[in-house]
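# Observations on chain architecture
Here are the chains, one letter per residue:
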Amino acid sequence: MKHLEIADRLIDLLIIVEKGMIELDVPLPREVETGIKQALVGFGEQILPQLHKAIDELKNEISISHILDILGSIGHSSSIPFLIDLHSNYSGFLSGTAAINALKDIGTEKGYIYLSELLNQRSLGNKKVFNSEVEMVIACKAMGDWEDPRATIALKNATEIFDPNEMPYVALKLLVKKPNGMILLEELAQKNDSLRMTIEKILVDSS
């Protein structure tokens, strides 16, 4: 049996396992799915065509998150268009979070630009660009990784996103680490009373 045939069988098994985690009254042990994922990551870039094919065939299914996790772990730029397409057009809560996380982990400019545009659109009031606050937080953390002026702009815009848990705190905390970030936070504190106390605490903690 060839290596890629083994990979095909593991992909099929992983999909069955993920469906089982959702559908079974008693889920399979977590070690089962973890072991399969680690085995597939071990094949590396040679199985990317099979993983990309699986995304195309399963993009309307909820049992695809593990495939997206594997793409993020392999970390090849060829996966970026598949992840963006899935997130833009087909994702739900689980697959959306996995896709955003994979884009962050792969860390290419194309992926970063996509995530920055999502944050910019959400700051303007478009709530449809993210499936959950979790995705927003991951996108902000990706901007923290991206050493580009556009990341600073996206984080500054993200400070206008108010959600009950971590936004805009995450954006503010990451913004302070950017060039001119301290200055931007001080300007925000002067303009926005609702953010002043949070920003002052972040500035103190960072000094």
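Every chain's residues receive numbers from 1 upward, in the order its sequence appears when written. pLDDT decides what is reported in this predicted model: residues at 70 or higher carry local features, side-chain atom pairs at 80 or more are listed and counted, and totals for whole chains, interfaces and linings draw on all residues regardless. In computing side-chain properties, one takes all heavy atoms of the structure into account and sets aside hydrogens as well as water.

## Here we look at the environment of Arg9
Helical segments are the DSSP runs of H or I of at least four residues, strand segments are the runs of E of at least two, and each set is numbered from the N terminus. One can find Arg9 in helix H1 (residues 3–23). With a 1.4 Å probe rolled over the protein chains alone, any residue whose accessible area is under 20% of its type maximum counts as buried; one over 50% counts as exposed, and the rest are partly exposed. The exposure class of Arg9 is exposed, given its relative accessible area of 56%. The sequence separation of Arg9 and Leu103 amounts to 94 residues, and the corresponding C-alpha distance is 26 Å.

## Considerations on the packing of helix H7 (residues 109–123) against helix H8 (residues 133–145)
The convention used is that axes are lines fitted to C-alpha atoms, helices contributing only their stretch in contact, and that angles between N-to-C directions extend from 0 to 180 degrees. Viewed as axis vectors pointing N to C, H7 and H8 meet at an angle of 125°, and their least axial separation amounts to 9 Å. One way to sum up the angle between H7 and H8 is to call them oblique. Considering how the two elements wind past one another, H7 and H8 form a crossing that is left-handed. Between H7 and H8, the residues in contact are Tyr112, Leu115, Ser116, Leu119 and Arg122 and Met136, Ala139, Cys140, Ala142, Met143 and Asp145, respectively. Polar here means any residue other than Ala, Val, Leu, Ile, Met, Phe, Trp, Tyr, Cys and Pro, which are nonpolar, and Asp, Glu, Lys and Arg, which are charged; Gly is therefore polar. For the contact of H7 with H8, a count of residues per class yields 8 nonpolar, 1 polar and 2 charged. Roughly parallel here means an angle under 35 degrees, roughly antiparallel means over 145, roughly perpendicular means 65 to 115, and every remaining angle is called oblique. By definition, any crossing whose near helix is turned counterclockwise from its far helix by less than a right angle is left-handed, and any crossing with a clockwise turn is right-handed. Only heavy atoms matter for contacts: two residues are in contact if any of them lie within 4.5 Å across the pair.

## What about the nonpolar core?
Counting residues in each nonpolar core, the largest one holds 66 residues, and the members touching the most others are Leu40 and Met143. Per element, the largest residue contribution to this core is 7 residues, and it comes from H8. Sequence-distant contacts of Leu40, that is, excluding residues within four places in its chain, are made with Ala7, Leu10, Ile11, Leu14, Ile47 and Ile70. Here, the term nonpolar core denotes a set of buried Ala, Val, Leu, Ile, Met, Phe, Trp, Tyr and Cys residues that are joined through side-chain atoms within 4.5 Å.

## Notes on the pattern of salt bridges
A pairing counts as a salt bridge when a side-chain nitrogen of Lys or Arg comes within 4 Å of a carboxyl oxygen of Asp or Glu. By the definition in use, this model includes 7 salt bridges. A salt bridge links Asp69 to Lys37; the nearest nitrogen and oxygen atoms lie 3.1 Å apart. With Asp69 in helix H4 (residues 65–74) and Lys37 in helix H2 (residues 30–43), this residue pair connects regions lying 32 residues apart in the sequence. The class of Asp69 is partly exposed, set by a relative accessible area of 27%. For Lys59, the salt bridge is made with Asp56, and the minimal N-O distance between the two is 3.8 Å. A single salt-bridge network, built from bridges that share partners, covers Glu109, Asp148 and Arg150.

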